[in-house]
Amino acid sequence: RGPGVCRSGRTDMTLRCVASLAVARQLRCPRLPRPAREGTVRWSSAAKASAVKINEKASRERILTLESMNPLVKALEYAVRGPIVLKAGEIEKELRKGIKKPFTEVIKANIGDAHAMGQRPITFLRQVVALCTYPNLLDSPSFPEDAKKRARRILQGCGGNSLGSYTATQGINCIREDVASYIERRDGGVPADPDNIYLTTGASDGITSILKILVSGGGKSRTGVMIPIPQYPLYSAAISDLDAIQVNYYLDEENCWALNVNELRRSLYEAKSYCNPKVLCIINPGNPTGQVQNRKCIEDVIHFAWEEKLFLLADEVYQDNVYSEGCQFHSFKKILYEMGPEYYNNVELASFHSTSKGYMGECGYRGGYMEVLNLHPDIKGQLVKLLSVRLCPPVSGQAALDVVVNPPVPGEESYAQFIKEKESVLNNLAKKAKIAEDLINKVPGFHCNPLQGAMYAFPRIFIPSKAIEEAKAHKMVPDMFYCMKLLEETGLCVVPGSGFGQKEGTYHFRMTILPPAEKLKILLEKVKDFHIKFLEKYA
């Protein structure tokens, strides 16, 4: 080791033994020999020793391992994108490589992603977002004036008139005003305050944020969160992530997945022995179960929450997806108001909606809102502070949401086309809900309740004891084993009921009804053929 001079003329360098040709070239030092031919390096014994030391350091123990990682994240599960979906991805890769399967494509019926299943976007919504994204189009005669009017209003609410700027934490003010107006129209004149509206990154962001601010305490005083079983796995995942206590109440499958207040009471009183239940979550229309709560049920739930001092979360993202005759969507906010001031001024309620479902199906924009009622003034500031950590929701998603809550009205240029497209989507979904219900109930060993709303079928399936034993041998729960076999033999990707929760000894799976009607019929015939073979094999 000694002083040297590099070709660049630097004299303050000290040459050291190097274990890499790349390093030698970087130093451009004439004292180090070049290799005899490209790709060959002459190693001295000192260089070899140095390389060994470098490798030893490179392979040191990692800071982040399965043992050292956050245990709450490790315990978290999200079934709709779980092992079945990972397996589906592997099979897709094999198909692309030309590996032969009993099918030619994987159908991902595991998630309610409408556009991925072929649903066409609503023209007016895309026009407004396009105009907001590229304002030069405002001069184009190809876009209708009512779309331009909305786009200009949204852009005026953005910093620098650009969708690329941050917005206020709660979202663009004019869009929150439009959300409030939408809620008032929907609920027959029940007043809505834009200051109670928070725009969110899909409904999921709002739900997790409210849960985060609600969870506190330790031991038996740790917050308990009451959720329906079956439930949407966002809830169990968020509860696990927050180290809160999941408190299950069971929907009545024998009565079309009805919510029974006596079951709520049983669940609450049992939970009080090991936690502090203070949150009650309702999904209406239901996911994965598709039931639509009637007015009397909602009144009973609100009275129960008032009586037991519970914070109500109303997940209403499928409010446009109601299909069965005699069923009607009632918002919790409207019923709460109509029950009188004793309830309306006291029950704390957060309601959620999204651009991802309904007739829009705009999952990728991640647009949504929550309306929060009767929040303590001090907590309101804390909630805004919490939300400000993520700065603001995606601004394109806010623009998409504005079209949902401020659509074309009679007399406007785009109204006729908008209504035609909206009704077409909802009528097709109603048709497919009936197709799914009828065909599933023709499968031996299957039972499916009426699909009153939402976007899914959640049939109960019979699994023979021999198959249950084989599932245990593979260290799988029985319906996971069933769904994995279904995927491997038909290419149909569905989610096992165990990912949503179910009564002990019952088995289900969830599949979306979003594929085109003819394709849905073919898929359900595949399910029928598979199940008959499955029964023959394991009977």
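Residues numbered from 1 in each chain as written. Predicted model: local features only at pLDDT ≥ 70, side-chain atom pairs only at ≥ 80, totals over all residues. Heavy atoms only, no water.

Focus on the sheet that holds strand E16 (residues 509–512)
Picture the strands of a sheet paired through backbone hydrogen bonds; they go either parallel or antiparallel. Put simply, the rule reads: We call two strands paired when DSSP finds no fewer than two bridges between them. Secondary structure counts use DSSP, requiring at least four H or I residues in a row for a helix and at least two E residues in a row for a strand, with both numbered from the N terminus.
Across the sheet, 3 strands lie side by side as E12-E16-E15; this open sheet has antiparallel pairing. The sheet is open, and its two edges are formed by strand E12 (456–457) and strand E15 (495–496), each paired on a single side. The pairing of E12 with E16 spans 2 bridges and is antiparallel. Looking across to E16, one finds that Tyr456 is bridged to Thr512.

Re the packing of aromatic side chains
Working definition: an aromatic ring pair is given by the centre-to-centre distance plus the angle between the planes. Going by this rule: Side-chain rings of Phe, Tyr and Trp (the six-membered ring for Trp) are treated as a pair once their centres are within 6.5 Å; stacked means planes under 30 degrees apart, edge-to-face means over 60, and tilted covers the remaining angles. Exposure is judged per residue with a 1.4 Å probe applied to protein chains only, and the accessible area is read against the type maximum: over 50% gives exposed, under 20% gives buried, and values in between give partly exposed.
Scanning all chains against the criterion turns up 14 aromatic pairs. Taking 5.1 Å as the distance between ring centres and 50° as the angle between the ring planes, the aromatic pair formed by Trp306 and Tyr343 counts as tilted. Of this pair, Trp306 sits in helix H11 (residues 295–308) while Tyr343 sits in helix H13 (residues 341–344), placing them 37 residues apart in sequence. Overall, Trp306 belongs to the partly exposed group, its relative accessible area being 29%. In this structure Tyr343 comes out as buried when scored by relative accessible area, which is 13%.

Some details on the packing of helix H8 (residues 202–214) against helix H9 (residues 233–241)
How we decide: The axes are straight lines fitted to the C-alpha atoms, using for helices just the contacting stretch, and the angles between their N-to-C directions are given from 0 to 180°. Rotating anticlockwise by less than a right angle from the far helix to the near helix defines a left-handed crossing, while the corresponding clockwise rotation defines a right-handed one. Contacts are residue-level and defined by heavy atoms, with any inter-residue pair within 4.5 Å sufficient. Under the grouping applied here, Gly and all other residues not named as nonpolar or charged are polar, the nonpolar ones being Ala, Val, Leu, Ile, Met, Phe, Trp, Tyr, Cys and Pro and the charged ones Asp, Glu, Lys and Arg.
Here H8 crosses H9 at 35°, and the two axes come no closer than 10 Å. In terms of crossing hand, the pair formed by H8 and H9 is right-handed. Here Ser204, Ile207, Thr208 and Leu211 of H8 come into contact with H9, specifically with Leu234, Tyr235 and Ala238. For the contact of H8 with H9, the per-class residue count stands at 5 nonpolar, 2 polar and no charged.

Some words on the nonpolar core
Rules: Note on terminology: a nonpolar core comprises buried Ala, Val, Leu, Ile, Met, Phe, Trp, Tyr and Cys residues joined through side-chain atoms within 4.5 Å. For the domain bounds, the source is a domain assignment made automatically or taken from a database.
In terms of nonpolar packing, the biggest core is built from 123 residues, with Ile210, Leu313, Tyr369, Tyr482 and Phe509 touching the most fellow members. By residue number, the principal contributor to this core is helix H16 (residues 415–440), which donates 9 residues. Taken domain by domain, this core gets at least three of its residues from each of domain 1 (73–106 + 417–538) and domain 2 (123–405). The contacts of Ile210, once residues within four sequence positions are left out, are Phe311, Leu313, Ala350, Phe352, Met370, Val372 and Leu383. One finds Leu251, Cys275, Phe332 and Leu336 within the second-largest nonpolar core, a separate group that totals 34 residues.

So, the pattern of salt bridges
Quick reminder of the rule: Basic side-chain nitrogens of Lys or Arg form a salt bridge, by our definition, when they fall within 4 Å of a carboxyl oxygen of Asp or Glu.
With the rule as written, the count across this model stands at 26 salt bridges. One salt bridge connects Glu94 with Lys101, and the closest N-O pair in it is separated by 2.5 Å. Given the relative accessible area of 25%, Glu94 is considered partly exposed. For Lys101, a relative accessible area of 30% corresponds to the partly exposed category. For Glu254, the salt bridge goes to Arg460, with nearest N and O atoms at 3.4 Å. You can see Glu254 sitting in the loop between strand E6 (245–250) and helix H10 (261–271) and its partner Arg460 sitting in strand E13 (residues 460–461), a full 206 residues away along the chain. Its relative accessible area of 67% is what places Glu254 among the exposed residues.

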